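# Fold and contact review
Given next are the chains, with one letter for each unit.
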Amino acid sequence: MTDDSAIAFVDLGAQYSAYKTEIDHAIHVVLDHGKFIMGPEVAQLETALCGFSGATEAIACSNGTDALLMIMLAEGIGPGDAVFVPSFTFTATAEILLLLGAVPVFVDVDEQTFNIAPSDLERQIERIKREGNLKPRGILAVDLFGQPADYARIEDIASAYGLLLWDDAAQSFGGELGQKKVGALCRATSLSFFPAKPFGCYGDGGAVLCSDEELASTMRSIRAHGKGGAKYDIVRVGMNARLDTVQAAILLAKLPHFEAELKARNAVATAYSGSLSNVVQVPTLLPEARSAWAQYTIKVPSSQRDAIADRLKQAGVPTAVYYPKPMHLQTAYRDFGEGEGSLKNCEALSQQVLSLPMHPFLPESQIEKICDAVKASVAAV
Ligand SMILES: *Cc1c(COP(=O)(O)O)cnc(C)c1O
């Protein structure tokens with residue numbers, strides 16, 4: 001790409017150009033062998049995902065939402081169960097619980113990391129226990145914008161209350177916490193391969209990573225309509241949640257490049273923070289964390305956020321707001337939250353956050369142009 005081309009928020013075209021030969025070849029191999037459903041590339045991808053993450057089991061599936069649903073079905077989450085989720089997240093995290101008749105209990109997030117706040121988590125668990133209407137079953141943490149949640153502290157809370165702990169890692173595959181990679185931080189981890197995620201395919205795709213053989217085998221059955229050992233033997237209620245072979249082939253072709261992409265994303269983030277830390281609030285990482293940098297998200301005063309975004313747009317810098325409304329205030333989920341004012345950090349962040357262009361092919365000249373535009377916009381409003 002040339003440096004004077006338009007700035008892209010995410011540049012899938014540049015990525016395809018870079019790996020075109022390998023990706024085209026991988027797709028043609030599938031077209032030739034014709035095993036479009038559960039072809040050999042699916043199992044190869046699962047093995048490769050385990051190798052990359054350190055998980056011992058991988059179950060490729062249709063998308064990140066179905067990955068979450070498969071985990072919850074396999075764990076037997078259903079009516080009467082409470083699952084604790086951050087309110088500052090994508091809708092899928094809460095949606096799948098309600099589809100199963102379970103209740104999402106919305107928890108506030110840390111204002112620095114944007115991830116579930118351990119102190120509020122304890123408060124909400126105590127509240128649900130005290131009210132006595134729901135059975136607390138688990139914690140579904142989210143690694144927002146690519147940074148793993150604070151699993152050391154969350155795990156302590158989970159074990160103190162006898163709760164299961166899962167990771168919605170739709171944005172964080174490739175991230176790390178301490179010596180462990182995302183996929184090996186929790187009992188089960190869901191991934192999304194939506195094209196714009198750090199590790200994306202060319203359509204919908206997802207996976208569950210875990211290190212429990214029995215849980216994995218239950219999820220493999222759920223992925224294929226709840227089948228048992230024999231072909232039309234149905235042993236449980238399941239889904240059609242398979243990953244297309246073509247998508248598996250594309251992901252296999254991309255995986256060898258992923259580590260270099262993560263480094264490039266990290267370099268973009270470092271350059272942004274170096275230039276902008278005196279002007280806006282830049283992202284904060286836990287000392288032990290490596291983010292996959294799905295998003296680079298700054299905080300600006302809520303009264304100025306939209307004006308800054310407008311000025312950036314005029315300067316040719318695309319931005320996005322993830323997310324303009326926390327889940328506990330959404331029309332569909334309102335009945336399950338405690339209303340406006342109940343989760344202060346989620347509500348404040350939804351008015352303050354602004355995500356800047358982030359992808360591994362962002363040229364230095366564009367990073368500079370973006371930083372200059374942010375400084376100018378902040379100064380002008
Ligand atoms: C993208 C995303 C999902 C859903 O993934 P899909 O593949 O689009 O179904 C779930 N949770 C979070 C936090 C996400 O960002």
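Please refer to the structure higher up on the page.
Residues numbered from 1 in each chain as written. Predicted model: local features only at pLDDT ≥ 70, side-chain atom pairs only at ≥ 80, totals over all residues. Heavy atoms only, no water.

### Quick look at the state of the cysteines
If you walk through the whole model with that rule in mind, you get zero disulfides. Summary of cysteine pairing: C201 is not part of a disulfide, and the nearest cysteine sulfur, belonging to C61, is at 10 Å. Take C201: its relative accessible area is 0%, and that puts it in the buried class. (Disulfide = S-S within 2.5 Å. Buried < 20%, exposed > 50% of the residue type's maximum accessible area, 1.4 Å probe, protein only.)

### With respect to the packing of helix α8 (residues 245-276) against helix α11 (residues 364-380)
Relative orientation of the contacting elements α8 and α11 amounts to 35°, with a least axis distance of 10 Å. Where α8 crosses over α11, the handedness of that crossing is right-handed. Where α8 abuts α11, its residues V268, A271, Y272, S275 and L276 lie against I367, I370, C371, V374 and K375. (Axes fitted to C-alpha atoms, helices over the stretch in contact; angles between N-to-C directions. Helix = DSSP H or I, 4+ residues; strand = E, 2+ residues; numbered from the N terminus. Left-handed = near helix turned anticlockwise from the far one by under 90°. Contact = heavy atoms within 4.5 Å.)

### A few points about unusual backbone geometry
Residue Y322 is joined to Y323 through a cis peptide bond whose omega torsion reads 5°. Counting through the fold element by element, Y323 comes out in the loop between α9 (305-314) and α10 (344-352). A positive phi angle, close to 60°, is found at H225, a residue other than glycine. Mapped onto the elements, H225 comes out in the loop between α7 (213-223) and α8. What makes H225 partly exposed here is its relative accessible area of 42%. Of note in this structure, W293 is not a glycine but carries a positive phi near 50°.

### Structural notes on the pattern of salt bridges
In the structure shown here, the tally under the stated rule is 13 salt bridges. Between R290 and E259 there is a salt bridge whose closest N-O contact spans 2.7 Å. Of the two residues, R290 sits in strand β10 (residues 289-290) while E259 sits in helix α8, which places them 31 residues apart along the sequence. Through salt bridges with shared partners, a single network forms among E176, E259, K263 and R290. (Salt bridge = Lys/Arg side-chain N within 4 Å of Asp/Glu carboxyl O.)

### Considering the packing of aromatic side chains
Enumeration according to the criterion identifies 17 aromatic pairs in this entry. Residues F52 and F258 carry aromatic rings whose centres are separated by 5.5 Å and whose planes lie at 40° to one another, so their mutual orientation is tilted. Residue F52 is located in helix α2 (residues 40-53), and its partner F258 is located in helix α8; the two are separated by 206 residues in the primary sequence. For the residue pair F52 and F258, the accessibility class agrees, reading buried in each case. When the centroid spacing of 6.2 Å and the interplanar angle of 45° are considered together, the rings of F106 and Y333 count as tilted. One end of the pair, F106, is in strand β3 (residues 103-107); the other, Y333, is in the loop between α9 and α10, and 227 residues separate them in sequence. For the pair F106 and Y333, a shared accessibility class is recorded, and that class is buried. Among the aromatic side chains, those forming a connected cluster through ring pairs are F9, F88, F90, F114, F145, Y322 and Y323. Residue placement shows K181 over the ring face of F52; its charged tip is 4.5 Å from the ring centre. In this structure, K197 is placed above the aromatic ring of F90, and the distance from its NZ or CZ to the ring centre is 5.9 Å. (Phe/Tyr/Trp six-rings, centres within 6.5 Å; stacked < 30°, edge-to-face > 60°. Lys NZ or Arg CZ within 6 Å of the ring centre and 35° of its normal.)

### Remarks on the nonpolar core
Ranked by internal contacts, the top residues of the largest apolar core, which has 46 residues, are L49, F84, L121 and I139. Once residues within four sequence positions are removed from consideration, L49 is found in contact with A58, F173, F193, F199, A207 and L209. Formed by 43 residues, the second largest nonpolar core is a distinct cluster that contains F88, A188, L215 and I222. (Core = buried A, V, L, I, M, F, W, Y, C linked by side-chain atoms within 4.5 Å.)

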